[in-house]
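# Geometric and topological summary
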Amino acid sequence: MESTQEKPAESSSPVPGSEEPADLARDPDVLSPKESEGCARPLETAPKKLCGYLSKFGGKGPIRGWKSRWFFYDERKCHLYYSRTAQDANPLDSIDLSSAVFDCKADAEEGTFEIKTPSRIITLKAATKQAMLYWLQQLQMKRWEFHNSPPAPPAVPDAALAGNGPALRLELEQEEAELEEFLCPVKTPPGLVGMAAALQPAPAMPLALQNISLKHLGTEIQNTMYNIRGNKQTQGTGHRPPGEDSPPSEEPQREEQPSPADLSAPGEPLPRLSCLQRLRKDPADSLKPTPKSSLTANLIQKAKRQSNTFPLFTEGLTRNRTAQEKVLALEQQVLMLTKELKAQKELVKILHKALEAAQQEKRVSSAYLAAAEDKDRLELVRHKVRQIAELGRRVEALEQERESLVQAASLREQEVQELRQHVQLLMDKNEAKQQVICKLSEKVTQDFMHPPRQPPAPPDAADRDLLSQQEKMEHLKDDMEAYRTQNRFLNSEIHQVTKIWRKVAEKEKALLMKCAYLQAKNCQVESKYLAGLRRLQEAVGVEAGECSELLRQLIQEALQWEASEASADSVVLSPISEYDEYGFLTVPNYEVEDLRLLAKIQALEVHSHHLLAHEAVEQPLRERWAALGELAPSPEIKQLLRAGVPSEHRPRVWKWLVRLRVQHLQGPGRYQELLSRGQACKHPAARQIELDLNRTFPSNKHFTCPASSFPDRLRRVLLAFSWQNPAIGYCQGLNRLAAIALLVLDEEESAFWCLVAIVETIMPADYYSKTLLASQVDQRVLQDLLSEKLPKLMAHLGQRRVDLSFITFNWLLVVFADSLISNILLQVWDAFLYEGTKVVFRYALAIFKYNEEEILRLQDGLEIYQYLRFFTKTICDSRKLMNIAFNDMNPFPKKQLRQLRMAHRERLEAELHELEQLKAKYLETRAAQGPAVPEGCTSEDEGEAEP
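Now for a look at the structure at hand.

Parameters at a glance
Residues numbered from 1 in each chain as written. Predicted model: local features only at pLDDT ≥ 70, side-chain atom pairs only at ≥ 80, totals over all residues. Heavy atoms only, no water. Helix = DSSP H or I, 4+ residues; strand = E, 2+ residues; numbered from the N terminus. Buried < 20%, exposed > 50% of the residue type's maximum accessible area, 1.4 Å probe, protein only. Contact = heavy atoms within 4.5 Å. Areas by Shrake-Rupley, 256 points an atom, 1.4 Å probe, with all protein chains shown as cover. Pairing = 2+ DSSP bridges. Axes fitted to C-alpha atoms, helices over the stretch in contact; angles between N-to-C directions. Core = buried A, V, L, I, M, F, W, Y, C linked by side-chain atoms within 4.5 Å. Salt bridge = Lys/Arg side-chain N within 4 Å of Asp/Glu carboxyl O. Parallel < 35°, antiparallel > 145°, perpendicular 65-115°, else oblique. Left-handed = near helix turned anticlockwise from the far one by under 90°. Phe/Tyr/Trp six-rings, centres within 6.5 Å; stacked < 30°, edge-to-face > 60°. Lys NZ or Arg CZ within 6 Å of the ring centre and 35° of its normal. Patch = residues over 30% accessible without salt bridge, like charges linked within 9 Å, V, L, I, M, F, W, Y side chains within 5 Å. Lys, Arg positive; Asp, Glu negative; His and termini not counted. Charge placed at Lys NZ, Arg CZ, Asp CG, Glu CD. Arc of directions from axis to C-beta.

## With respect to the overall build of the protein
A tally of regular secondary structure across the protein gives 34 helices and 7 strands. Every one of the 947 residues in the protein was classed for burial, and the buried ones make up 38%. Sequence separation of at least 24 residues holds for 71% of the intrachain contacts in the protein that already meet a minimum separation of 6. Total accessible area on the protein is roughly 55,600 Å²; 56% of this is exposed by carbon and sulfur atoms.

Okay, here's the thing in structure tokens:
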């Protein structure tokens, strides 16, 4: 972050083709390629890398504590690798910073901070507070650069890189400016981070064994062997003639060095390059020309071996190294290797102890197996039993000690809570007195800066008290500054993490929308494919045997494709399940192959419409329903009900609609009273109810499964209604009305009152009577409305003598319960329960309008009847059907509906009265004629009298 303060006003443009990291491009200490060409880089001009020594808290058992580790950041993977020293060839482990957050606590030890990943929490400690803040700021910026840098393709043209570079740099500079509002850039702590930290010896630990990582013991051994081999090579090549001390020019030396390899995962073998050397490598060095002289090549090889032997020195310092510096470096390496050897010896002692315990156990087992008599074996077993008993007593003692420690810990916890409360009170008190303390501090400071000119007097109690107060005040100022720093850093961390989270959430939402759109397009393509197969099959006919067989196989594979595809791919966004949420079959299993194909096409189209309308229509509708509080009749509720109620809100809305209709009929315990009456006395309609139970929705799993409770619940609802309304008792069709209410409301009593609301308050009187008078009237009303709204269709049907009442009578009687697919059916019921029968007529007209073109293409009356049997199941777009019903069919006043009903009711009653008169007249005529028998015939009575 120091680059934001020391950035020069004008930076030299990079050489084309050079590949420099983004953070080096902003570094003022790095020379441009033109300035550095042909000369060695000194230490202060080396590229600055994010690396340095930190203490990591970890380990288990007696070696748990702080361990010194060398940390270095990998730009490509956004990983923070760490090893024991800067000279180690293999890193011990890494920390993924792409999804990590950072935290520092003011009350923790100085320099301590945390890196929190989804899988673990890593506690680190820097040498100073400034170094801690520098690490935190740099890690924040590295994480932001990783999340905002576009993914690098295998080969990107230079023009594309040049176009993306300024935008990315501008975005990163904008992020730096935003972070500066929270926490000012921290200057680079000298000697604690970067390449300068690698030249310093590793921080000494109290115990050499404590710094060993037993978790990564294999990597530790590899690094130790690498350092020992490097030391041996140093001793073998350390004494040279004076002429060999000075290496050749820098450019050939850098040419011979191998290019840096990618950091592998912890535990994998790496090339013999230390972590420090990998950080120092310049990727542009491989572009220099190779030396031609063999003598120069030999010198280069010697210089390279010497550089690998002394990893503490950079390439820029190798030519100026003196004999005294070599001796100091060797002494440092000898000291370091001595400490490592001591640690390895302690580790060997621990392993020897474990080996001795295992050998002792083996000897005891061998003695038991080698014993000649059972007495000896019994004695060995008794000895083991005594040892086990002794260990059991020790375990009990330790358990008691643990319980006492737990009690003590609980007491300590209570004391800590009390102390925290006390500290909170003190902090409040200090905050109240802060202004007074500041004024006193200013006055005391002025007195110390300008003391009165008088002979010094011995300090008394008041002076000592003032000094103690001054010292406390300084401590409080330090604490306040620490909390301010912590607050500023945490604000910046929250700001950055929130931005990253929002960006990831937007990407996820965009991907989900794209996936839903692609799946909807896939469903459309499938439906078109199946429709094409069906038309091709009809066109080919039965004459071409091979073609028809091929078409049959293709259709069979298309019908079975979804199941095999679902088993092959377990990750599907929104598959077409076998049943919908209310238990209806999504793809009906018809016996006729053509009908099964049509059902498959219809299911794919329904799924496609649902996916395409989810984000644009359904999601805003769900949000509007969720924002509604208490429900009350209003124009807004009317429009929302016409658009359809989301499934999660439908039970609550339907209960409210039913309560509006039957609140004058409901009474406490009314449903239970009717059930008890049905148990005491059998209703005459009970037999018909039992017959209709098995015929209720045969395509719904809730009514066809033997273990389901829905048939028994439906039986109780229908029997209770037969006692509630004895004038009707039971009529065919009531079972489907009650079943729909039971599927949505899932409560017997709520379904019962929903059935009462439909029969007694919404539908006209005599709608479900024995004569079905009102149902016949509505059929004539529908014929008039069709002639008014769709005259061309009615003329076409009239010419073919098609009577629509054979199809539409069941629509109005059960409110489309057997006709429409479940999602459109329930949308119709949402508006029907609020507005009444007007909705049924609107949707009946809309259904014919939706399929008008298909019906007009049919010319045969029998073919029209066959099409009208199942054409309602082919309606897939619920939004289109709703727009036709409530927009295209306007005006549709209730007054017109009432007038048509009154006129047709009078006409129908007159026809029925005339029919009754004809019937009575016929019966009178037959009675007057008497039971006359033609000549030559005998009556039944005479036949029975004969023997």
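So that's the structure; there's more coming.
## Section: the pairing of strand 7 (residues 121-125)
Of all 5 residues in strand 7, 4 are buried; the element is thus mostly enclosed. As paired elements, strand 1 (residues 51-58) and strand 7 share 2 bridges and run antiparallel to each other. Within the sheet, the bridge partner assigned to Ser-55 lies in strand 7 and is Lys-125. For strand 6 (residues 112-116) and strand 7, the ladder comprises 5 bridges, and the chain directions are antiparallel. In the sheet register, Lys-116 faces strand 7, and the bridge partner there is Ile-121.

## Considerations on the sheet that holds strand 2 (residues 65-74)
With antiparallel pairing, 7 strands are arranged side by side in an open sheet as 4-3-2-1-7-6-5. Of all strands in the sheet, those bounded by a partner on one side alone are strand 4 (93-96) and strand 5 (101-104). Going across the sheet, the axis of each strand differs from the next one's by a mean of 35°, ignoring polarity. Strands strand 1, strand 2, strand 3 (79-83), strand 5 and strand 6 of the sheet are contacted by helix 4 (residues 129-148), whose axis makes an angle of about 165° with strand 5.

## Some thoughts on the nonpolar core
One recurring pattern in soluble globular proteins: nonpolar side chains tend to sit buried together. In terms of nonpolar packing, the biggest core is built from 116 residues, with Leu-734, Phe-816, Phe-848 and Leu-868 touching the most fellow members. Once you skip the residues sitting within four places of it in the chain, Leu-868 turns out to touch Val-802, Leu-804, Ile-807, Phe-848 and Ile-855. Ranked by size, the runner-up nonpolar core spans 28 residues in total, among them Tyr-82, Leu-97, Phe-113 and Tyr-134.

## So, the pattern of salt bridges
Counted under the stated rule, the structure contains 37 salt bridges. As a salt-bridge pair, Glu-835 and Arg-642 come within 2.8 Å of each other at their nearest N and O atoms. Pair noted here: Glu-835 is in helix 28 (residues 822-835) and Arg-642 is in helix 17 (residues 635-643), with a separation of 193 residues, a long-range link. Among the residues examined, Glu-835 registers a relative accessible area of 10% and is labelled buried. By sharing partners, the salt bridges in this structure join Asp-103, Lys-105, Glu-114 and Lys-116 into a single network.

## Details of the packing of helix 25 (residues 773-789) against helix 33 (residues 894-929)
Angle between the axes and distance between the axes: these two values describe a pair of packed helices. Where helix 25 contacts helix 33, the two axes come as close as 9 Å, and the packing angle between them is 125°. As the angle between them shows, helix 25 and helix 33 are arranged oblique. Between helix 25 and helix 33 lies a crossing whose hand is right-handed. For the pair formed by helix 25 and helix 33, the contact residues are Leu-773, Ala-774, Gln-776, Val-777, Asp-778, Arg-780, Val-781, Asp-784, Leu-785 and Glu-788 on the first element and Gln-896, Leu-897, Leu-900, Arg-901, His-904, Arg-905, Leu-908, Glu-909, Glu-911 and Leu-912 on the second.

## Digging into the packing of aromatic side chains
Ring pairs (aromatic) are described by centroid distance and by the angle formed between their planes. As enumerated under the stated definition, the model contains 19 aromatic pairs in all. For the pair Trp-656 and Tyr-834, a centre-to-centre distance of 6.5 Å together with 20° between the ring planes defines the contact as stacked. Linking Trp-656 in helix 18 (residues 650-662) with Tyr-834 in helix 28, this pair joins segments that are 178 residues apart in sequence. The positively charged end of Arg-713 is found above the aromatic ring belonging to Phe-710, 4.7 Å away from the centroid. Across from the ring centre of Tyr-850, 4.6 Å away, lies the NZ or CZ of Lys-880, which sits over that ring.

## What about a nonpolar patch on the surface?
On the surface, Tyr-368, Leu-369, Leu-378, Val-381 and Val-385 cluster together to form a nonpolar patch covering roughly 450 Å² of accessible area. Sorting elements by how many residues they give to the nonpolar patch places helix 12 (residues 374-432) first, with 3 residues. Structurally, the position occupied by Tyr-368 is in helix 11 (residues 323-370). We classify Tyr-368 as partly exposed; its relative accessible area is 34%.

## Quick notes on a positive patch on the surface
A surface patch of like charges, here positive, comprises Lys-342, Lys-345, Lys-349 and Lys-353. Structurally, Lys-353 is set in helix 11.

## Thoughts on the pairing of strand 6
Most of strand 6 is tucked away, with 4 of its 5 residues classed as buried. The pairing of strand 5 with strand 6 spans 4 bridges and is antiparallel. Bridge pairing links Asp-103 to Glu-114 in strand 6. Remark: 4 residues form the turn of the hairpin made by strand 6 and strand 7, two consecutive strands paired antiparallel.

## Details of helix 19 (residues 670-680)
An α-helix turns once per 3.6 residues; consequently, residues spaced three or four apart project the same way. Residues of helix 19 that are buried include every one of Tyr-671, Leu-674 and Leu-675, and no others. One side of helix 19 holds all its buried residues, which, seen down the axis, span an arc of 100°. Buried-residue contacts for helix 19 involve helix 22 (710-724) and helix 24 (748-762).

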